[in-house]
Amino acid sequence: MERAVLEMHQITKQFPGVLALDKVDFDLYPGEVHILLGENGAGKSTLMKTLAGAHEPDSGTIVVDGREVRIRNPKQAQALGISIIYQEFTLIPYLTVAQNIFLAREPLRWGMRGLVDRDRLYADSTAILKTLGISVDPRSVVSTLGVAQQQLVEVAKALSLNARILIMDEPTATLSDQEIEQLFGIIHNLKSRGVGVIYISHRLQEVGQIGDRVTVLRDGRSVGTYNVADVDINTLIKLMVGREVMEKADRRSLPNAPEALRVSHLHRNGVLHDVNLVVREGEIVGLAGLVGSGRTELARAIFGIDPFDSGEIVLLGKRLVATNPSLSIRLGLGLLPEDRKSDGLALILPVKDNVTHASLTRLFPSFILDFRKERAIAERYVRDLRIATPNIFRQVGFLSGGNQQKVVLAKWLATQSRVLIFDEPTRGIDVGAKAEVHDFMRQLARQGVAILMISSDLPEIVSMSDRVYVMREGTIVKELEGEDINQETIIGYAMGKGEGQ
Amino acid sequence: MVAAIKRVPGIVYVLVALIMGFGWFIPGFFTVSNFLSVIRQGSVLAVVSLGATLAILSRGVNLSLGGVMSLAGVVTGVLMHRGWSIMAAILVGMATATAAGWLTGIVIAGAGIAPFVVTLGMMSVGEGLALVISGGASVPGFSNAFQVLGQGYLLRVPIPFWIAVMAFLIVHFILRDTQLGVSIYAVGGNEDAASLSGVDVRRCKLQIYLIGGILAGVAGVVLASRMNSAHPSGGMGFEFDAIAATVVGGTPMSGGRGGVVGTMVGAAIISIMRNGLNMLGLPTPWQMTIIGMIIIGSIALDALKSNR
């Protein structure tokens, strides 16, 4: 076999509180597509960022063309022939296609530094687009192109760098079937020219369609590299999930409890289609799915942050065809957002203000604050939720992640919400606080509160939920109950197992 | 840039309508002498506006232009009063403005502080130093040779106009034909993406404010020559008119698109507004009110357009 164009040995990267990569080995040969598979947070993006020059690994070696290299910034990565196409496009909206392809590497007029030769810029771009079979006018402004065309421009840009290692991070996430065909055609073209492609995917069926080899990452570790021909999808799913989790001991079935929240045929153009779900009083319902599957968008639509185009929501008996946060709160709905620091809390304000923020009109109908009452309420929740803070006047920004999350919870308890949506309730908080938050959630459910819990943490979904909905590409693809709630089944549906094969 | 060209026609109509409207109502508006006077006054604004546009295109803003103008004018004036040659005085005045621009750029690019804050500070520094150097009073009365710069004619057209044309052509060339120009649009369009693509964002920002300083220097010297007096607060307010010219000319505050062609039309609109309202006998406070409303109107229009 010819020499690998890229070898990564024992790559380790530590972030505060997480070991993102733990002695990962990875290699790539010219002309192959090597698929990188793993759950959210398995370390795929971090691994690729060490190649792109966005992160430097703490230890381990990277060998390109048999030479050990250190990649400190994007320029060095480019110089080594490594190009990355990020999930969020890095195109500049108001520049033309050609200007984007050659950004920071424009052909120079008369060889003079800084002077752009626009004739050659367009001629060279036309040539590159033509060899790739991409029919996009190099003079059109990028913001006027569709997503698929922008994607192809990204590919053209990467290849104009003479990339021999091309990294694509979920390139098909936003493409239609026909556009995917076109992209795969271009990838075949690249393979025949000896370019090695690292392909991060969340679609299991793509492994067989486009991959030559596949590596599975789990919790920052590589759990194996296989020839695509030698491995089936079920094995890959097992590898991704790995660990066994304790089954939920008291998974309850409450088919007769009153419905607290019903979402029917909810549709938001390009984001959500035909979403149907029910959460009953006293139930914890898990909402699983991959990042980008539309879970947070669904929560925002239900709460009334984003409008929806059609469908309806029945919240505690009230039919709503449009809503907004203040109406939702008045009716008894609370949302604990994914990003609590920016969306859930006012970090520079004290604990007491954060606790009472969402219930000011309920607590003080006369619009005049009663300091003693406010204080009593804040102190009660600090005690009940065991929020570790010296006093209720402490700025929330100084508390730990777990205690911040408890403050957000206190805020919604103070509104006496009957339905709570938790978006990633324990992300980034330590094990002890996590167990406590889980306890509070169970207690609330026992008191009859309906809980919809969005989580990317599969063990959390499996151990907490009474029922589970799996979301994929903006809609709910499966409802799971009882025995069916396990990690393999969930990830299978989340990654579209059984589709398009 | 295509977007800029598409946007220009709209405001060109506004400009034409303005000229026609004033011409209809104001006797003496359609006279050669009035037009020459508008051109002479508008040229200074045009030069400063170029600097404002560069900053705004990169999603920044430059509030220091007026203060630096005052400083450049006063330095030049004081040196001439001390018997320096015109050439040497202008050179040092320009160098002062360039240094101010360079310093602004270094702080913005190097320390990563918001341009609004840094240039707000530099506005105060420029005006403060101008007051210190001039002793708080205006520096009046220069030689005829110096006054030619702001009051003279070349081919029967005021010299400030030619200076503005030169400055425009240079900045337009930078934006269209140099890597710096592409980088400015890239940084304004998506700074992170530009950086990931290998654009040297810091150098780009430094150059933007450096060029801003140079342009403010040119404007300050021409202004002093036109007025035959360097006033320590002579440049005051120009930074805001320059921002207005940019925005009215179709470059949004969010940067990334637009260009200096529109800015020149914007500067013309504001200068003609001033001149026309003046001739109508409207007192300055009313002129300010009306021009302010036009600025808000054009920004609102831009917001509505981009939200659609």
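Residues numbered from 1 in each chain as written. Chains lettered and ligands numbered in written order. Predicted model: local features only at pLDDT ≥ 70, side-chain atom pairs only at ≥ 80, totals over all residues. Heavy atoms only, no water.

Counting secondary structure elements, chain B contains 13 helices and 4 strands. A globule of 308 residues ought to have a C-alpha radius of gyration of about 19 Å, and chain B, at 19 Å, matches this closely. Reported as C-alpha extents along the three principal axes, the dimensions of chain B are approximately 55 × 45 × 35 Å. Within chain B, buried positions represent 54% of all 308 residues. Counting only contacts in chain B whose residues sit at least 6 apart along the sequence, the fraction spanning at least 24 positions is 77%. Placing the 15 positive and 8 negative side-chain charges of chain B at their respective mean positions leaves the two points 8 Å apart. (Helix = DSSP H or I, 4+ residues; strand = E, 2+ residues; numbered from the N terminus. Rg over C-alpha atoms; globule rule 2.2 N^0.38 Å. Buried < 20%, exposed > 50% of the residue type's maximum accessible area, 1.4 Å probe, protein only. Contact = heavy atoms within 4.5 Å. Lys, Arg positive; Asp, Glu negative; His and termini not counted. Charge placed at Lys NZ, Arg CZ, Asp CG, Glu CD.)

Note on interface size: it is often stated as the accessible area lost on association of the parts. Contacts between the two partners involve 22 residues from chain B and, on the opposite side, 24 residues from chain A. Three residues, B:Gln179, B:Leu196 and B:Ser197, lead the burial of chain B against chain A; their summed loss comes to 30% of the area buried on that side. Taking the shortest distance from any N to any O, the salt bridge between A:Arg118 and B:Asp177 comes out at 3.1 Å. The interface formed by chain B and chain A holds 7 residue pairs in polar contact (both at pLDDT 80 or more) in total. Looking at the side of chain B that touches chain A, the elements with two or more residues in it are helix 7 (159-177), helix 8 (179-189) and helix 9 (191-196) of chain B. The element contributing the most residues to the side of chain B that touches chain A is helix 8 of chain B, with 5 residues. (Buried area = accessible area lost by both parts, 1.4 Å probe. Salt bridge = Lys/Arg side-chain N within 4 Å of Asp/Glu carboxyl O. Polar contact = N/O pair within 3.5 Å; in protein donor to acceptor, adjacent residues only side chain to side chain.)

Glancing now at the confidence of the model for chain B. Residues and elements named next belong to chain B. Residue-level pLDDT values for chain B average 91, and 95% of them are 70 or greater. Mean pLDDT across the elements of chain B ranges from a minimum in helix 1 (residues 2-25), with 74, to a maximum in helix 10 (residues 201-227), with 97. The complex model carries a pTM of 0.75, and its ipTM stands at 0.82. (pLDDT = per-residue confidence, 0-100.)

This part takes up the packing of aromatic side chains. Tallied over the full model, the rule gives 9 aromatic pairs over all chains. Between the aromatic rings of A:Phe303 and A:Trp412, the centroid separation amounts to 5.8 Å while the plane-to-plane angle is 90 degrees, which identifies the pairing as edge-to-face. With A:Phe303 in helix 9 (residues 295-303) and A:Trp412 in helix 15 (residues 401-414), this pair connects stretches of sequence that are 109 residues apart. Judged by centre distance (6.5 Å) and plane angle (20 degrees), the ring pair of A:Phe371 and A:Phe393 falls under stacked. Here the residue A:Phe371 occupies a position in helix 14 (residues 371-384), and A:Phe393 occupies one in the loop between helix 14 and helix 15, the gap between them amounting to 22 residues. For A:Phe371, a relative accessible area of 43% gives the class partly exposed. Feature note: the residues B:Phe22, B:Phe29, B:Phe30 and B:Phe35 constitute an aromatic cluster, connected by ring pairs. Against the face of A:Trp110 rests A:Arg109, its NZ or CZ located 5.7 Å from the ring centre. A:Arg139 extends its terminal NZ or CZ atom over the ring of A:Tyr122, reaching a point 4.0 Å from the ring centre. (Phe/Tyr/Trp six-rings, centres within 6.5 Å; stacked < 30°, edge-to-face > 60°. Lys NZ or Arg CZ within 6 Å of the ring centre and 35° of its normal.)

Bringing the sheet that holds strand 18 (residues 450-454) of chain A into the picture now. Residues and elements named next belong to chain A. One open sheet holds the 6 strands; their spatial order is 16-17-18-13-19-20, and the pairing between them is mixed. Both edges of this open sheet fall to strand 16 (333-336) and strand 20 (475-481), since each of them pairs with a single strand only. Between one strand and the next, the sheet's axes are offset by a mean angle of 20 degrees, whatever the strand orientation. Both strand 17 (residues 419-423) and strand 18 contribute to a ladder of 5 bridges, which runs parallel. Directly across from Ile421, in strand 18, lies its bridge partner Leu452. Set on the sheet, helix 9 makes contact with strand 13 (284-289), strand 16, strand 17, strand 18 and strand 19 (467-472); between it and strand 16 the angle comes to about 150 degrees. Strands strand 13, strand 19 and strand 20 of the sheet are contacted by helix 18 (residues 487-494), whose axis makes an angle of about 30 degrees with strand 19. (Pairing = 2+ DSSP bridges. Axes fitted to C-alpha atoms, helices over the stretch in contact; angles between N-to-C directions.)

All names here are of chain A. One non-glycine residue, Arg386, lies in the positive phi region at around 50 degrees. Tracing the sequence through the fold places Arg386 in the loop between helix 14 and helix 15. A positive phi is found at Glu473, a non-glycine position, where the angle reads about 50 degrees. Locating Glu473 in the fold gives a position in the loop between strand 19 and strand 20.

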